[in-house]
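Now for the letters of each chain:
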Amino acid sequence: MIDLIELSSLPALTLEVGAGMTVGAIAGYCYFLTLWRNVAELQRCSATRALLMFALRFAALAITLLLLAKLGALPLLSGAAGILIGRQLLTRRFGKLS
């Protein structure tokens with residue numbers, strides 16, 4: 001029988017998934033928190049600052065995902081799942097939009 005995952009590599013895989021998920025959750029939380037603040041800036045009619053925040057927020061998330069992709073598919077996928085977890089945490093904190 002062929003083992004797809006060797007038992008000796010299991011701790012490394014667990015570490016990659018945990019690190020990717022943690023980094024993704026932090027990045028997602030920061031991304032959606034700045035999105036929340038960006039909407040508040042748009043309501044105050046500060047379009048220039050809102051556009052700058054949008055560009056920085058998007059660039060930070062893109063760089064984070066790029067770095068996770070350089071580590072491999074598993075950290076990238078767990079990082080993407082972490083982004084969704086960060087979004088869920090922030091939604092629980094501020095509540096859903098009506």
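Anything mentioned here points back to the structure above.
Okay, so let's go over this structure. (Residues numbered from 1 in each chain as written. Predicted model: local features only at pLDDT ≥ 70, side-chain atom pairs only at ≥ 80, totals over all residues. Heavy atoms only, no water.)

Counting its regular elements, the chain contains 3 helices and 0 strands. From first element to last, N terminus to C terminus, the chain shows the α and β order α-α-α. The contacts of the chain with a sequence gap of at least 6 include a subset with a gap of at least 24, amounting to 68%. Total accessible area on the chain stands at roughly 7300 Å², and carbon and sulfur atoms take up 71% of it. (Helix = DSSP H or I, 4+ residues; strand = E, 2+ residues; numbered from the N terminus. Contact = heavy atoms within 4.5 Å. Areas by Shrake-Rupley, 256 points an atom, 1.4 Å probe, with all protein chains shown as cover.)

This paragraph deals with helix α3 (residues 73–94). For α3, spanning 22 residues, the distance from its first C-alpha to its last is 32 Å, which sits close to the expected 32 Å at 1.5 Å a residue. The complete set of buried residues in α3 reads Pro-75, Ser-78, Gly-79, Gly-82, Ile-83, Gly-86 and Leu-90. The buried residues of α3 all sit within an arc of 165° when viewed along its axis, so they share a single face. The exposed set on the far side of α3, more than 90 degrees from its buried face, consists of Ala-73, Leu-77, Leu-84 and Arg-92. Just past α3, the residue Gly-95 takes up positive phi, approximately 90°. (Expected span 1.5 Å × (residues − 1). Buried < 20%, exposed > 50% of the residue type's maximum accessible area, 1.4 Å probe, protein only. Arc of directions from axis to C-beta.)

Here we come to the packing of aromatic side chains. Two aromatic rings, taken as a pair, are described by how far apart their centres are and by the angle between their planes. In the structure shown here, the tally under the stated rule is 3 aromatic pairs. Between the aromatic rings of Trp-36 and Phe-94, the centroid separation amounts to 4.6 Å while the plane-to-plane angle is 10°, which identifies the pairing as stacked. Taken as a pair, Trp-36 in helix α1 (residues 10–43) and Phe-94 in helix α3 lie far apart in primary sequence, 58 residues in all. Judged by relative accessible area, which is 32%, Phe-94 ranks as partly exposed. Between the aromatic rings of Phe-54 and Phe-58, the centroid separation amounts to 6.2 Å while the plane-to-plane angle is 20°, which identifies the pairing as stacked. Of the two residues, Phe-54 and Phe-58 both sit in helix α2 (residues 47–71), 4 residues apart, roughly one turn of that helix. Against the face of Tyr-31 rests Arg-57, its NZ or CZ located 5.0 Å from the ring centre. (Phe/Tyr/Trp six-rings, centres within 6.5 Å; stacked < 30°, edge-to-face > 60°. Lys NZ or Arg CZ within 6 Å of the ring centre and 35° of its normal.)

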